[in-house]
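Each chain, written out:
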Amino acid sequence: MKTATKLVSVGRSHAHAAAPVNPPVIRASTFLFNKLEEFETAQRTPFDGAFYGRVGTPTTFAFEQAICALEGGHRSIATASGLAAITATLMAFAEAGAHMLVVDTVYDPVRRLCNRTLARMGVSVTYYDPAVGAGIADLIRDETTLIYMESPGTGTFEIQDIPSIVAAAKSRGVPTAIDATWATPLFLRPIEMGVDVSIHAATKYIVGHSDGMLGVLTTTAKMYDRLRAATQDLGGCAGVEECNLALRGLRTLQARLSQQGDTAFALAQWLESRDEVARVLYPALSGFPGHDLWKRHFDGASGVFTIELTDRDPEAARRFIDALALFSIGFSWGGYESLVLPVNTKSRTLPNWQNLGPMVRLQIGMEDPEDLRADLEQALAAI
Ligand SMILES: *Cc1c(COP(=O)(O)O)cnc(C)c1O
């Protein structure tokens, strides 16, 4: 099946007559059994049917199956948020004395998790340059238990050489995980590239309408028990309503991404031509340093990118952001509406990011491209 067909059919079944188009939303903490033997049978396979709400209801499993069909892994596990999926992954490989390699462009709450909770557990973390490629081999230690990637990097969009990193990791028997939220399951297939855990903040494009918090991870048969144990131990189960919103979001994911990506590309090119803009950080642009890697490994670009302003006065970015009318200031991205936020790279440990001008991240929504361009133009003038 091609992707568009998959998006319509995954996670729902019409095996019986008069089935509704969408799987019903099953809200439950408790499932009832009449005989103890039935209860015991359900208890043997809690993640396949209906046993107890925290392990999932049929709505949760429908969402997990839908993502797994798109990702091509062994199984997917839904979590309360994107960060909950990441936390479960890191905890699955955490132990006293362990070492992890985490990309320096990582989503900031993950750095806080590493520097606070994991550090307290006796896990040490080395933040590596997203351009490391095969050079990751030199950073792997005997006690390295995980390499954690995010591509493109948060805020600055560096593309990592996933196959080289995976090859180096495999030669030392080190598991790998990636946060692939920007690409969605449509534009990057980490499991097929040999990555052990593929993570999405479904909060973003998958739910797609800025009204739900949800995460999901997909993993291989080899790693599944370890990941399932970690998600269960942490207790951060996905909300059933959110799984339903995500299933709904999936049906239109390709249409939304296609429009948002097209508009983003047109606006990114136009912004590149403006004197007020020093650089546009967007992997789909041919002049972007990671463009060739992006082209080799991704099937498309979503609609989030960053601009670096020419005016180095930090107030310039404030004036630009405050002048925007169609782009609202707000965390998150992946919804249908345009958003703007300043980019802060201060927490990074490597020196690569010190000499940049003020940076502003744009999430391109589904508004008319000409209206968005006009809004950007008047805001650039306000600098
Ligand atoms: C938003 C985001 C997350 C966290 O997702 P939440 O659902 O907000 O917890 C993780 N990674 C990336 C790249 C994100 O943008």
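Scroll up a little and you will see the structure.
Quick caveat, the model's predicted, so the values are computed rather than measured.

Caption draft 1: Focus on the site of the ligand. Neighbouring the ligand are 13 residues; Gly82, Leu83, Asp179, Thr203 and Lys204 lie closest to it. Between the ligand and aspartate 179, the relevant distance is 2.5 Å, taken from a nitrogen atom to a side-chain nitrogen or oxygen of the residue. Lysine 204 is positioned such that a nitrogen or oxygen atom in its side chain is 2.5 Å from an oxygen atom of the ligand. In the complex, the protein chains occlude 92% of the 380 Å² of accessible area that the ligand would expose alone. Under a 2 Å grid-point criterion requiring more than half of the atoms, the pocket assigned to the ligand is the largest pocket. Residue composition of the shell around the ligand, grouped by class: 6 nonpolar, 4 polar and 3 charged.

Caption draft 2: Region of interest: the side chain of arginine 348. Within the element layout of this structure, arginine 348 appears in the loop between strand S11 (339–343) and strand S12 (359–363). Within the buried set, arginine 348 has no salt-bridge partner at all; the shortest N-O distance to an opposite charge, 4.5 Å, is to glutamate 158. Here threonine 156 takes part through its side chain, which lies 2.8 Å from a polar atom of the side chain of arginine 348. In this structure, arginine 348 is in contact with Asp104, Thr105, Arg111, Thr154, Thr156 and Trp353, ignoring residues within four places of it in sequence.

Caption draft 3: Seen up close, unusual backbone geometry. Here serine 151 and proline 152 are connected by a cis peptide whose omega angle stands at -5°. In this structure, proline 152 sits in the loop between strand S4 (144–150) and helix H6 (162–171). The backbone of phenylalanine 157 shows a phi angle near 65°, a positive value even though the residue is not glycine. Structurally, phenylalanine 157 can be placed in the loop between S4 and H6. The phi angle at serine 332 is positive, at roughly 75°, despite the residue not being glycine.

Caption draft 4: Here's a closer look at the side chain of threonine 145. Relative to the assigned elements, threonine 145 resides in strand S4. The residues contacting threonine 145, other than those within four sequence positions of it, are Phe93, Ala98, His99, Met100, Val174 and Pro175.

Caption draft 5: Main features of the sheet that holds S11. Spatial ordering of the open sheet is given by S8-S9-S12-S11-S10, a layout of 5 strands whose pairing is mixed. Each edge of the open sheet is held by one strand with a lone partner, namely strand S8 (277–281) and strand S10 (328–329). Across 2 bridges, S10 lies against S11 in parallel orientation. Counterpart to isoleucine 329 in the pairing with S11 is valine 340. Helix H10 (residues 253–272) contacts S8, strand S9 (304–309) and S12 of the sheet and is inclined by roughly 10° relative to S9.

Caption draft 6: Geometry of the pairing of strand S5 (residues 176–179). The two faces of S5 match: Thr176 and Ile178 on one face and Ala177 and Asp179 on the other face are all buried. The sheet contact formed by S4 and S5 spans 4 bridges and is parallel. Its bridge partner lying in S5, methionine 149 is registered against isoleucine 178. In this region the chain leaves S4, passes through H6 and returns to the parallel neighbour S5; the handedness of that crossover is right-handed. Here S5 runs beside strand S6 (residues 197–201); their pairing, made up of 3 bridges, is parallel. Within the sheet, the bridge partner assigned to aspartate 179 lies in S6 and is isoleucine 199.

Caption draft 7: Spotlight on empty space enclosed by the protein. One pass over the full model with this rule turns up 1 cavity of 30 Å³ or more. Of the pockets and cavities examined, the largest cavity occupies roughly 80 Å³. Arg54, Val55, Ala78, Cys237 and Ala238 are, among the 14 residues lining the largest cavity, the residues nearest its centre. Those elements that provide at least two residues to the lining of the largest cavity are helix H3 (58–71), strand S1 (75–79) and helix H8 (221–234). It is H8 that provides the largest number of residues to the lining of the largest cavity, a total of 3 residues. Split into classes, the residues belonging to the lining of the largest cavity amount to 5 nonpolar, 6 polar and 3 charged.

What counts and how
- Residues numbered from 1 in each chain as written.
- Predicted model: local features only at pLDDT ≥ 70, side-chain atom pairs only at ≥ 80, totals over all residues.
- Heavy atoms only, no water.
- Near = heavy atom within 4 Å.
- Polar contact = N/O pair within 3.5 Å; in protein donor to acceptor, adjacent residues only side chain to side chain.
- Areas by Shrake-Rupley, 256 points an atom, 1.4 Å probe, with all protein chains shown as cover.
- 1 Å grid on protein atoms, 1.4 Å probe; cavity = no way out; pocket = protein on both sides within 12 Å on 5 of 7 lines; lining within 4 Å.
- Sits in = over half its atoms within 2 Å of the grid points.
- Nonpolar A, V, L, I, M, F, W, Y, C, P; charged D, E, K, R; others polar.
- Helix = DSSP H or I, 4+ residues; strand = E, 2+ residues; numbered from the N terminus.
- Buried < 20%, exposed > 50% of the residue type's maximum accessible area, 1.4 Å probe, protein only.
- Lys, Arg positive; Asp, Glu negative; His and termini not counted.
- Salt bridge = Lys/Arg side-chain N within 4 Å of Asp/Glu carboxyl O.
- Contact = heavy atoms within 4.5 Å.
- Pairing = 2+ DSSP bridges.
- Axes fitted to C-alpha atoms, helices over the stretch in contact; angles between N-to-C directions.
- Right-handed = clockwise from strand over helix to strand, strands pointing away.
- Points joined across faces, edges and corners; volume = space filled by probe spheres on them.

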